[in-house]
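Per-entry structural report
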Amino acid sequence: MNLDKKLIDSLNGELKRQQNHIELIASENYVSEAVLIANGSIFTNKYCEGYPGKRYYGGCNFIDEVEQLGIETAKEIFEAEHVNIQPHSGSQANAAAYKAFLKPGDKVLAMGLKAGGHLSHGFSLNSSGEIYNFEFYGVSDKDYYIDYNEIKEKALSFMPKMIIAGASAYSREIDFKKFREIADQVGAYLMVDMAHIAGLVAAKEHQNPCLVADVVTTTTHKTLRGARGGMILCKKEYAKKVDSAVFPGIQGGPLENLIAGKTQALLEAKDISFKEYAKQVIKNAKTLAKVLIDNNFFVLTNGTDNHLINFDVKSTFNLTGKQAESILESIGIICNKELLPFDQESSVNTSGLRVGTAAMTTRGFKEEEFIKVGNIIVKALKKSVDIEILKKEVNELCLKFPIYENIRY
Ligand code: DSN
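About the criteria used
- Residues numbered from 1 in each chain as written.
- Predicted model: local features only at pLDDT ≥ 70, side-chain atom pairs only at ≥ 80, totals over all residues.
- Heavy atoms only, no water.
- 1 Å grid on protein atoms, 1.4 Å probe; cavity = no way out; pocket = protein on both sides within 12 Å on 5 of 7 lines; lining within 4 Å.
- Points joined across faces, edges and corners; volume = space filled by probe spheres on them.
- Helix = DSSP H or I, 4+ residues; strand = E, 2+ residues; numbered from the N terminus.
- Nonpolar A, V, L, I, M, F, W, Y, C, P; charged D, E, K, R; others polar.
- Phe/Tyr/Trp six-rings, centres within 6.5 Å; stacked < 30°, edge-to-face > 60°.
- Buried < 20%, exposed > 50% of the residue type's maximum accessible area, 1.4 Å probe, protein only.
- Lys NZ or Arg CZ within 6 Å of the ring centre and 35° of its normal.
- Polar contact = N/O pair within 3.5 Å; in protein donor to acceptor, adjacent residues only side chain to side chain.
- Contact = heavy atoms within 4.5 Å.
- Core = buried A, V, L, I, M, F, W, Y, C linked by side-chain atoms within 4.5 Å.
- Near = heavy atom within 4 Å.
- Areas by Shrake-Rupley, 256 points an atom, 1.4 Å probe, with all protein chains shown as cover.
- Salt bridge = Lys/Arg side-chain N within 4 Å of Asp/Glu carboxyl O.
- Axes fitted to C-alpha atoms, helices over the stretch in contact; angles between N-to-C directions.
- Left-handed = near helix turned anticlockwise from the far one by under 90°.
- Patch = residues over 30% accessible without salt bridge, like charges linked within 9 Å, V, L, I, M, F, W, Y side chains within 5 Å.
- Pairing = 2+ DSSP bridges.

If you add up the space inside the largest pocket, you get close to 570 Å³. Looking at the largest pocket, it is lined by 34 residues, and the ones nearest its centre are G117, H118, L119, S168 and R354. Those elements that provide at least two residues to the lining of the largest pocket are α4 (90–101), β9 (215–219) and β14 (336–338). With 4 residues, α4 is the single largest residue contributor to the lining of the largest pocket. Of the residues contributing to the lining of the largest pocket, the split by class is 7 nonpolar, 21 polar and 6 charged. Taken as a whole, the second largest pocket spans an internal volume of roughly 490 Å³. Surrounding the second largest pocket, 19 residues form its lining, Q18, N29, V31, L36 and Y404 being those nearest its centre. Per-element accounting of the lining of the second largest pocket gives the leading share, 5 residues, to helix α1 (residues 5–20). Taken together, the residues of the lining of the second largest pocket break down into 8 nonpolar, 6 polar and 5 charged.

Pasting the structure below:
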């Protein structure tokens, strides 16, 4: 049977959308065509509960080869003693890590959602917040950096069983060694969620949390540029409890087609071109931040060390994040509204925007293009130039850096 006509229309619509827009969502990327092939591959058909060599179904020899290759490659790249590549997502990876190390009601110290943390780090409406007893640290109200003294004080008074480092919207390098010291002082496990920065860690452009944390969780599709999904990396001594927490703890059959897509991406991350990409991601983010700052935008922490930038549109333009996001979308720039630390707006409206440079770096953008992107954002939010002119500028940039030219549906 052929692809359904309605599906073909949607696939072509999405293909064109991705080709014709400037993608600045900090958690998105353009995977290679090889990753797309693996994602949609024959492995889709296979059930294989269990782990390589220990499955609950027959016929798993090729599945085992791929999953083991993914595990070994991740171990090598991240210098990890043990890897579980089966979590279906970052949130699943986090849920499994909690289950491996904690009992319901145990105390956990994590970054608050507004400060830049993640829903699955104890938000009250997330199962993590319902099952465990979370307390939160934030960022400094002076410079918006993580305040390690605040974390230490909170840890000493709260005495958590686990401390979580890692964020969804924090633009500065995180000092995992400092987190380790604090965790050791209170006898807590250290968990790092490196989802956003995994690609930078893989390229050795960020401190590697696997060297100091008890357990590290990640997604595989952000800066790492692989199939959508999660992964857990840990010390050997925790291998058994982490594996049991993933399966049968919170998941049944793994999605081996996506594991093949993760494996392909991990192999790509070993190539020298990935290192160059990661370096360029950071250079591009610094360039974009500078353009915004030079134009009097209120950029949190006054810059960035990684792939993302958070900025306040409420104080600068009296726009909500939602309005600013929609203005940029109307000219072909895709990003997302973001709650800022100490935000007075609701999570539906927000005061900020978060932008990231990974996806457009994959398309080949360098500093020159990011200066243009920055200036387009400035003109759009200042409403100083006609929207049609800005749309044309976005379109020209997209045409100059094509993507997925061989894909047809
Ligand atoms: N935290 C989301 C993001 O960074 O876009 C993903 O879960």
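Still more to cover.
Evaluated as defined, the whole model comprises 19 aromatic pairs. Ring geometry for Y144 against F298: centres 5.7 Å apart, planes inclined by 70 degrees, an arrangement best described as edge-to-face. Taken together, the residues Y144 in the loop between β6 (133–137) and α6 (148–158) and F298 in strand β11 (residues 298–299) connect sequence positions 154 residues apart. Residue classification places Y144 among the buried positions, given a relative accessible area of 17%. The class of F298 is partly exposed, set by a relative accessible area of 33%. Taken together, a centroid distance of 5.7 Å and an interplanar angle of 75 degrees make the contact between F365 and F370 edge-to-face. In terms of burial, F365 and F370 fall into one category: buried. Ring pairs connect the aromatic residues Y98, Y132, F134 and F136, which therefore count as one cluster. Above the ring of F158, the side-chain terminus of K107 is found at 5.2 Å from the ring centroid.

Time to look at the side chain of N208. By the secondary structure assignment, N208 is in the loop between α8 (198–202) and β9. Judged by its relative accessible area of 13%, N208 falls in the buried class. In terms of polar contacts, N208 uses its side chain to reach the backbone carbonyl oxygen of F78, at 2.9 Å. For N208, the residues in contact, after removing those within four places along its chain, are F78, E79, F176 and V201.

One finds F78, I163, F179, M194 and L233 to be the most contacted residues of the largest nonpolar core, which totals 55 residues. Setting aside chain neighbours within four positions, we find I163 in contact with L109, A155, F179, I182, A183, V186, A188, Y189, L190 and M191. Within the second largest apolar cluster, 45 residues are counted, among which are F317, V355, F365 and F401.

Taken together, S27, H118, S168, H196, K222 and R354 are the residues near the ligand. Note that an oxygen atom of the ligand is positioned 2.7 Å from one of the side-chain N or O atoms of S27. Side-chain polar atom of H118 to an oxygen atom of the ligand: 2.8 Å apart, as the coordinates give it. Across the complex, the protein chains shield 66% of the 240 Å² of accessible surface that the ligand would expose by itself.

This paragraph deals with the pattern of salt bridges. Counting across every chain of the model gives 26 salt bridges. The closest approach of N and O atoms between R55 and D64, which form a salt bridge, is 2.7 Å. Grouping residues by exposure puts R55 and D64 together as buried. K286 is the salt-bridge partner of D305, the closest N and O atoms lying 3.8 Å from each other. Of this pair, D305 sits in the loop between β11 and β12 (308–312) while K286 sits in helix α11 (residues 272–294), placing them 19 residues apart in sequence. Residue class for D305 comes out partly exposed when judged on its relative accessible area of 24%. Connected via shared salt-bridge partners are R55, D64, E67 and E256.

Running from N to C, α11 and helix α15 (residues 367–382) cross one another at 35 degrees; their axes reach a closest spacing of 8 Å. Between α11 and α15 lies a crossing whose hand is right-handed. Touching Q280, K283, N284, T287, L288, V291 and L292 of α11 are E367, F370, I371, V373, G374, N375, I377 and V378, all from α15. Looking at side-chain class alone, the contact of α11 with α15 contains 8 nonpolar, 5 polar and 2 charged residues.

This part takes up a nonpolar patch on the surface. Side chains of L3, L7 and Y409 sit close together on the surface and give an oily, nonpolar patch of about 290 Å² of accessible area. The class of L3 is partly exposed, set by a relative accessible area of 42%.

Read from one edge of the open sheet, 7 strands run β4-β10-β9-β8-β7-β5-β6, paired in mixed fashion. Each of the sheet's edge strands pairs with one partner strand only, and the pair in question is β4 (82–84) and β6. Strand after strand, the sheet turns through a mean of 20 degrees between neighbouring axes, direction not considered. As defined by bridge partners, strand β5 (residues 107–111) adjoins β6 across 5 bridges and the pair is classed as parallel. Opposite V108, over in β6, you have F134 as the bridge partner. Docked against the sheet, helix α9 (residues 239–250) engages β4, β8 (189–193) and β10 (230–234), running at close to 0 degrees with respect to β4.

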